[in-house]
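Read off the chains here:
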Amino acid sequence: MKRLLLIGIIVLLYFVKFSAAQTKAPVAFGPVPTENQLRWQEMEYYAFVHFSLNTYTDQSWGFGNEDVKLFNPEKADCRQWARICKEAGMKGIIITAKHHCGFCIWPSEYTEYSVKNSPWKDGKGDMVREMAEACKEYGLKLGIYLSPWDRNHPDYGKPEYITYFRNQLTELLTNYGEIFEVWFDGANGGDGYYGGANETRKIDRTTYYDWKNTYKLIRKLQPNIVIWNDGGDRGDLRWVGTEEGYVGETNWSLLNDTGDVPWNMLHYGLENGNAWVPAEVNTSIRPEWFYHPNEDNHVKTVPHLMETYYHSIGHNGSLLLNFPIMPNGLIHPTDEKMALEFGKAVKESFAVNLAEKKKAEASNVRGNANEFGADKAIDGNKETYWATDDGLTTASLTIDLAKPTLFNRFLVQEYIRLGQRVKAFKLEALVDGNWKEVAKATTIGYKRILRFPSVEATKVRFTITDSKSCPLISNIGVYNAPVFLNAPAIARSQSGEVTITTNDIGPIFYYTLNGSVPTIKSNRYTAPFVADEKMEIKAIAYDPASGKSSPVGYEKFDISKKDWKIVGNNEKADALLDGNPSSVWHQRDKKMPIDLVIDLGNNYNVIGFKYLPDQNKWSSGIITNYQFYISEDNINWKLADEGEFSNIKNNPVWQIKKFAPEKVRYFKLRALKNTSGDQVAGYAEVDVITK
Ligand code: FUL
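Procedures and definitions
The numbering scheme is per chain: residues are counted from 1 as the chain's sequence reads. Confidence filtering applies because this is a predicted model: local features only for residues at pLDDT of at least 70, side-chain atom pairs given and counted only at 80 or more, and all residues used for totals across whole chains, interfaces and linings. Here the side-chain values reflect all heavy atoms present in the structure, with hydrogen atoms and water set aside. Numbering of helices and strands runs from the N terminus; a helix is a DSSP stretch of H or I covering at least four residues, while a strand is a stretch of E covering at least two. In this description the radius of gyration comes from C-alpha coordinates, and the expected globular size is given by 2.2 Å times residues to the power 0.38. Three exposure classes are used, based on accessible area relative to the maximum for each residue type with a 1.4 Å probe and protein chains only: buried under 20%, partly exposed in between, and exposed over 50%. Contact criterion: two residues are considered in contact whenever any of their non-hydrogen atoms come within 4.5 Å of each other. Only the protein chains shown count as cover for residues, and all accessible areas are computed by the Shrake-Rupley method using a 1.4 Å probe. In this tally Asp and Glu are treated as negative and Lys and Arg as positive; neither His nor the chain ends contributes. Charge placement uses NZ in Lys and CZ in Arg. For Asp and Glu, CG and CD serve respectively. Arc definition: directions from the helix axis to the C-beta atoms. Only a pair of cysteine sulfur atoms within 2.5 Å counts as a disulfide in this structure description. What makes a nonpolar core is a set of buried Ala, Val, Leu, Ile, Met, Phe, Trp, Tyr and Cys residues whose side-chain atoms join them at distances within 4.5 Å. Boundaries between domains were set according to an automatic or database domain assignment. Classification of ring pairs uses Phe, Tyr and Trp, with its six-membered ring standing for Trp, and accepts pairs whose centres are within 6.5 Å; under 30 degrees between planes counts as stacked, over 60 as edge-to-face, and the remaining range as tilted. Buried area adds together the accessible area that both of two parts lose upon being put together, with accessible area traced by a 1.4 Å probe. Salt bridge, as used here, is a side-chain nitrogen of Lys or Arg placed within 4 Å of a carboxyl oxygen of Asp or Glu. Any pair of nitrogen or oxygen atoms within 3.5 Å is treated as a polar contact; in protein, a donor-acceptor pairing is required on top of that, and neighbouring residues in sequence qualify only through side-chain atoms on both sides. Polar here means any residue outside two lists: the nonpolar Ala, Val, Leu, Ile, Met, Phe, Trp, Tyr, Cys and Pro, and the charged Asp, Glu, Lys and Arg; Gly therefore counts as polar. Pairs of strands are assigned from DSSP output, requiring at least two bridges between the strands. To obtain each axis, a line is fitted to C-alpha atoms, and for helices this fit is confined to the stretch in contact; angles are then taken between N-to-C directions over 0 to 180 degrees. Here a residue is considered near a molecule or strand provided that any single heavy atom belonging to it is located within 4 Å of it.

Here's the deal with the overall build of the chain
No. 1: Check the secondary structure of the chain and you find ten helices and 34 strands.
No. 2: In terms of C-alpha radius of gyration, the chain reaches 28 Å, essentially the compact-globule figure of 26 Å for 691 residues.
No. 3: Burial status across the chain gives 56% buried among its 691 residues.
No. 4: When contacts within the chain are restricted to residue pairs at least 6 apart in sequence, those whose partners lie at least 24 apart make up 73%.
No. 5: When the accessible surface of the chain is summed, it comes to about 29200 Å², and 50% of that surface belongs to carbon and sulfur atoms.
No. 6: Between the centroid of the 81 positive side chains of the chain and the centroid of its 85 negative side chains there is a distance of 4 Å.

Overview of helix H7 (residues 211–221)
No. 1: Every buried residue of H7 is accounted for by Trp 211, Thr 214, Tyr 215, Leu 217 and Ile 218. Summarising the axial view, the buried residues of H7 lie within an arc of 160°, below the 170-degree limit, and thus occupy one face. Turned more than 90 degrees from where H7 packs its buried face, Lys 212, Lys 216 and Lys 220 sit exposed.

Comments concerning the state of the cysteines
No. 1: If you walk through the whole model with that rule in mind, you get zero disulfides.
No. 2: Between Cys 78, a free cysteine, and Cys 135, which holds the nearest cysteine sulfur, the sulfur-to-sulfur gap is 8.2 Å.
No. 3: Here Cys 78 falls in the buried class, since its relative accessible area comes to 2%.
No. 4: Unpaired in this structure, Cys 101 has its nearest cysteine sulfur neighbour in Cys 104, at a distance of 8.5 Å.

Some words on the nonpolar core
Soluble, globular proteins show a tendency: their nonpolar side chains are buried together.
No. 1: Trp 81, Met 127, Met 131 and Phe 323 are the most contacted members of the largest nonpolar core, which totals 83 residues.
No. 2: No other element matches helix H6 (residues 159–174), which puts seven residues into this core.
No. 3: For this core, the two domains that each supply at least three residues are domain 1 (35–349) and domain 2 (359–479).
No. 4: Judged by nonpolar contacts, the second largest core, of 39 residues, contains Ala 355, Ala 374, Ile 378 and Phe 425.

So, unusual backbone geometry
No. 1: In this model, Met 592 is joined to Pro 593 through a cis peptide bond whose omega is 0°.
No. 2: Relative to the elements of secondary structure, Pro 593 occurs in the loop between strand S28 (585–588) and strand S29 (594–612).
No. 3: Positive phi outside glycine occurs at Asn 368, with the angle close to 50°.
No. 4: For Asn 368, the location among the structural elements is in the loop between strand S12 (359–362) and strand S13 (386–387).
No. 5: Residue class for Asn 368 comes out exposed when judged on its relative accessible area of 70%.
No. 6: The phi dihedral of Ala 402 is positive, around 75°, even though this residue is not glycine.
No. 7: Inspection of the secondary structure assignment puts Ala 402 in strand S14 (residues 395–414).

Topic: the packing of aromatic side chains
No. 1: On inspection of all chains with the given rule, the structure shows 53 aromatic pairs.
No. 2: For the ring pair Phe 609 and Phe 645, a centre distance of 6.3 Å and an interplane angle of 70° mean the geometry is edge-to-face. Residue Phe 609 is located in strand S29, and its partner Phe 645 is located in the loop between strand S31 (638–644) and strand S32 (655–674); the two are separated by 36 residues in the primary sequence.
No. 3: Aromatic pair Phe 628 and Phe 667: ring centres 5.1 Å apart, planes at 25°, arrangement stacked.

Concerning the side chain of Ser 114
No. 1: Counting through the fold element by element, Ser 114 comes out in the loop between strand S2 (92–98) and helix H5 (127–138).
No. 2: We classify Ser 114 as buried; its relative accessible area is 0%.

Quick word on the domain arrangement of the chain
No. 1: Under the domain assignment, the chain is made up of domain 1 (35–349), domain 2 (359–479), domain 3 (489–557) and domain 4 (565–690).
No. 2: Placing a centre on the C-alpha atoms of domain 1 and another on those of domain 2 gives a separation of 36 Å.
No. 3: With 23 residues of domain 1 at the interface, the matching set in domain 2 holds 21 residues.
No. 4: Around 1900 Å² of area is buried between domain 1 and domain 2 when both sides are counted, 50% of it from carbon and sulfur atoms.
No. 5: Three residues, Trp 252, Trp 276 and Tyr 310, lead the burial of domain 1 against domain 2; their summed loss comes to 29% of the area buried on that side.
No. 6: Taken together, the connections running from domain 1 to domain 2 amount to six salt bridges.
No. 7: With its nearest N and O atoms 3.9 Å apart, the salt bridge here joins Lys 382 to Glu 42.
No. 8: Between domain 1 and domain 2 we count 16 residue pairs in polar contact (both at pLDDT 80 or more) in total.
No. 9: For the side of domain 1 that touches domain 2, the secondary structure elements donating two or more residues are helix H2 (35–43) and helix H9 (302–312).
No. 10: Residues belonging to the side of domain 1 that touches domain 2 are distributed by class as follows: seven nonpolar, ten polar and six charged.

Things to note about the sheet that holds strand S3 (residues 141–146)
No. 1: Taken in spatial order, the seven strands make up an open sheet running S7-S4-S3-S2-S1-S11-S10, and their pairing is parallel. Every interior strand has two partners, whereas the edge strands, strand S7 (226–229) and strand S10 (279–284), have only one. Strand-to-strand twist of the sheet, defined as the mean angle between neighbouring strand axes without regard to direction, takes the value 25°.
No. 2: Alignment of strand S4 (residues 179–184) against S7, held across four bridges, turns out to be parallel. Looking across to S7, one finds that Glu 181 is bridged to Val 226.

Remarks on the pairing of S29
The two faces of a sheet get side chains in turn, since along a regular strand they alternate between them.
No. 1: Across two bridges, the pairing between strand S27 (residues 565–566) and S29 is antiparallel. Residue Ile 566 lies in a different strand from S29, and its bridge partner there is Ile 598.
No. 2: Sheet analysis places S29 next to S32, joined by 13 bridges and oriented antiparallel. For Ile 598, the partnering residue across the bridge sits in S32 and is Phe 667.

Here we look at the pattern of salt bridges
No. 1: Across all of its chains, the model carries 33 salt bridges by this definition.
No. 2: When the shortest N-O distance is used, the salt bridge between Glu 87 and Arg 83 registers 3.3 Å. Linking Glu 87 with Arg 83, this pair stays in helix H4 (residues 78–87), spanning four residues, or about one helical turn.
No. 3: For Arg 83, a relative accessible area of 24% corresponds to the partly exposed category.
No. 4: Through salt bridges with shared partners, one network takes in Glu 42, Lys 382 and Glu 383.

Observations concerning the site of the ligand
No. 1: If you check the shell around the ligand, you find Phe 48, His 50, Trp 61, His 99, His 100, Tyr 145, Trp 183, Asp 185, Glu 243, Asn 282, Trp 289 and Asn 647 and nothing else.
No. 2: Between the ligand and the protein, one listed contact pairs an oxygen atom with a side-chain N or O atom of Tyr 145 at 2.8 Å.
No. 3: In this structure, Glu 243 approaches the ligand through a side-chain N or O atom, which is 2.9 Å from an oxygen atom.
No. 4: The protein chains hide 97% of the 290 Å² of surface that the ligand would expose on its own.
No. 5: A per-class count over the shell around the ligand returns five nonpolar, five polar and two charged.

Quick look at the structure:
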């Protein structure tokens, strides 16, 4: 008997040892995130606030000579910003401590160009401190934007500036508690005030800042920080190559740690990169980064922001959403409303995981061990995961929803602590006993969300069709999210024909011409109509089946263009008057400048002009420096305005320039420089603003 017991124990021990060997945890594959990157990735959604002298000059980039006395936000309240961000579901705020103009919104001891010489709080204010305190109060993390380019500083371009830059970094990373992220914009060098030199200074952005040593300093001061850098050495996070709010559908959190990063790498990552550099999607809640009153009717709406959500967080990125602060120091009520509605919509969309704790079965489970079972993907615990045996690069997992269930979203996460692996997957639904493919996609990474038309099914099958190594899936979610109607687009052609459109299928439109918010009692839009005077149009899309309405679409049109002529007309040139942003006209010449002359047909009292560049940022002819001349007779010309279209390549939105009222029959837009450095001037649209 004793002998039998002994044999039994030996067999048991052997079995335990054997199964332990079988269920050895998978080892990392390729680059993996640091603890700081992991912590950051889990934040998912956080804010930018843009606030500087630009707020008071209606500019995108200050030149560096703007008067510090302009900065006087009489109602400044960082607690309002923090409250909104918190209520909107965000986890932190990155504040523009210094933008390209060089003005510091904290009282830096190394410059006079700061809040200490502004009227705000009699020069005793410190916006970064107020932000830090508000973040603490609301349980948010604080991040810092410090522009490497400084158009004010006399030493910019010289080695001395690097000492100045590091001194400022030291102030910001020492005096305001823990900083989760530091942000170094890629705009570097060019024209500027530079202490009165008023010249162009070029630097080599890969070497000038000696990033290696700058990073050492940063990590010493803030060991838990992540570094975002679009200007030089690889930081911890990467830009996604656009400011419109989306990253590639295929999105590897990998790059190579040295060498150039071309656009497609920023956008899609690099499948076989040797460094973990995940994507941060930065975009603004308005077209521009700083506050411009003329954008009050162009705040992004819930459907637009939801699109951004699916194209950022849903594509293995984080979402950094910007609020421009108004001159009074507050976030505009419309921006607040949209951000809160968006937060609510996200919550609602992912409120109930229809897969959680249901029965799941996998085609393969690592060592048949419970520890790596299919249920680990739906247990609501991100630290556990379903894993397959080594060597497998395909596998599937089926979830039994127990009863016919309606859903339209699928969320999946890899256990990225051990690397990003999945290259392709598909999703099927069991409908009336037949498997039906509902979606397929490529990479997963930290988080991937698929959208598809609602389907009612009893089972869902998730199949990994290709993976770099055995897949590790930490979370799966199946949701039935509400669907939002897009705000309609409104356009007016040169002849004054107004069209209202949407990408959604089925809705009808209602509009107003008197500024009031349209309802289903307003004018019904059935076909394009002519409205060729100065006017604003508001429109909604309405879905009779669900009784739901879209947010309001808005356009403001100035004087009619029907009598406008392009002097020296070329038929294709009409593309710039046709009200269609996707048709573009390019003028090519042997040298710059290149002029565009337009005859308005009558005299008007003009107070500004608008220019919309080619929406393809790689196209040549995107004007960066301009002069705007006016004339009553096409003979005598007067310079009405000149300057730069600052951030036009990365953010190709309408450029709006204003000047003192002038009587105008002809205008000449002179292109001095463009983004591609060649002799081309391109125009999607041009317009004037009349009094
Ligand atoms: C850009 C800057 O040039 C903009 O002004 C803004 O700060 C944005 C976040 O980054 O490239």
